[in-house]
Amino acid sequence: MNPDFFMKEALLEAKKAFDKGEVPVGAVIVKDGNIIGRGHNLTETKKDPTAHAEILAIKQAAESVGGWRLLDCDLYVTVEPCAMCAGAIVLARINRIYIGAMDPKAGACGSLMNIPQDERLNHYVKIHTGILENDCQQIIREFFQALRHKKKNIRQSNQEEN
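For clarity, every value in this text was computed on a predicted model and none was experimentally measured.

**Student:** I'd like a rundown of the sheet that holds strand S1 (residues 26-31), residues and numbers included.
**Tutor:** Strand order across the open sheet formed by 5 strands is S2-S1-S3-S4-S5, with mixed pairing between neighbours. Of all the strands in the sheet, just strand S2 (34-40) and strand S5 (126-129) have a single pairing partner and so form its edges. Across the sheet, the axes of successive neighbouring strands diverge by a mean angle of 20 degrees, strand direction being ignored. Looking at chain direction, S1 and strand S3 (residues 73-79) are connected through 5 bridges and run antiparallel. When the bridges of S3 are listed, Val28 appears paired with Tyr76.

**Student:** Run through the layout of surface pockets, naming residues and quoting values.
**Tutor:** By volume, the largest pocket is sized at about 550 Å³. Along the walls of the largest pocket sit 26 residues, with Val23, Val79, Asp103, Ile140 and Phe144 positioned nearest its centre. Those elements that provide at least two residues to the lining of the largest pocket are helix H2 (43-46) and helix H5 (133-161). Ranked by residue count, the leading element in the lining of the largest pocket is H5, at 7 residues. A class-by-class count of the residues in the lining of the largest pocket yields 13 nonpolar, 5 polar and 8 charged.

**Student:** Give a description of unusual backbone geometry that names residues and reports values.
**Tutor:** A positive phi is found at Lys47, a non-glycine position, where the angle reads about 55 degrees. Inspection of the secondary structure assignment puts Lys47 in the loop between H2 and helix H3 (53-65). Notably, Asp72 is not glycine yet its phi reads approximately 60 degrees, a positive angle. In this fold, Asp72 is placed in the loop between H3 and S3.

**Student:** Run through the environment of Lys31, naming residues and quoting values.
**Tutor:** Within the secondary structure layout, Lys31 lies in strand S1. Separated by 34 residues in sequence, Lys31 and Val65 place their C-alpha atoms 9.4 Å apart. Of note is the side chain of Lys31, whose polar atom sits 3.1 Å from the backbone oxygen of Leu71.

**Student:** Tell me what's going on with the environment of Ile140, and back it up with residues and numbers.
**Tutor:** Relative to the elements of secondary structure, Ile140 occurs in helix H5. A relative accessible area of 19% places Ile140 in the buried class. Through-space distance from the C-alpha of Ile140 to that of Phe18 is 8.6 Å; in sequence the pair is 122 residues apart. Beyond its immediate sequence surroundings of up to four residues, Ile140 is in contact with Val23, Pro24, Val25 and Val79.

**Student:** Which residues make up the nonpolar core, and what values do they have?
**Tutor:** Membership of the largest hydrophobic core comes to 44 residues, with the highest contact counts inside it found for Met7, Ile29, Ile58, Leu70, Leu75, Ile94 and Ile97. If you list the elements that add at least two residues to this core, you get helix H1 (3-19), S1, H3, S3, helix H4 (83-91), strand S4 (96-101) and H5. Met7 has contacts with Tyr76, Val77, Thr78, Tyr98, Ile99, Gly100, Ile131, Leu132 and Cys136, leaving out every residue within four places of it along the chain.

Criteria and cut-off values
- Residues numbered from 1 in each chain as written.
- Predicted model: local features only at pLDDT ≥ 70, side-chain atom pairs only at ≥ 80, totals over all residues.
- Heavy atoms only, no water.
- Pairing = 2+ DSSP bridges.
- Helix = DSSP H or I, 4+ residues; strand = E, 2+ residues; numbered from the N terminus.
- Axes fitted to C-alpha atoms, helices over the stretch in contact; angles between N-to-C directions.
- 1 Å grid on protein atoms, 1.4 Å probe; cavity = no way out; pocket = protein on both sides within 12 Å on 5 of 7 lines; lining within 4 Å.
- Points joined across faces, edges and corners; volume = space filled by probe spheres on them.
- Nonpolar A, V, L, I, M, F, W, Y, C, P; charged D, E, K, R; others polar.
- Polar contact = N/O pair within 3.5 Å; in protein donor to acceptor, adjacent residues only side chain to side chain.
- Buried < 20%, exposed > 50% of the residue type's maximum accessible area, 1.4 Å probe, protein only.
- Contact = heavy atoms within 4.5 Å.
- Core = buried A, V, L, I, M, F, W, Y, C linked by side-chain atoms within 4.5 Å.

Right under this line is the structure:
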């Protein structure tokens, strides 16, 4: 199946995060052409630093297959995974990662480092990048623009009160 189809599903997850005021990252895990795990960032909502889209999708997929090994599974994620998530991807034995937008500040799948393809580890993950890249970048851009605008309004409001 076309990677765009599953990245659009990941983007739907990212939109859920956006609507909750979370950094809009979404992920889906696919096995045999079926989505078996979904997740979107919930770190603020759950007050949990590990509640990243990828981790939540991995947990759901593991429940779906009845074990921690996600062999023959592919992960579609709107933004390049961080070091924590990249490590979890390797540990879960995910086959391939499809990434929408790279993250030059925190990405661990090719930007700052490349954990899933580190040959010193016991599992190697294939990586494909640039899947619906513009759409994935756009939702992140909109989120941070809105956040900056909100912070600016709060500062202005506080200055007017003083």
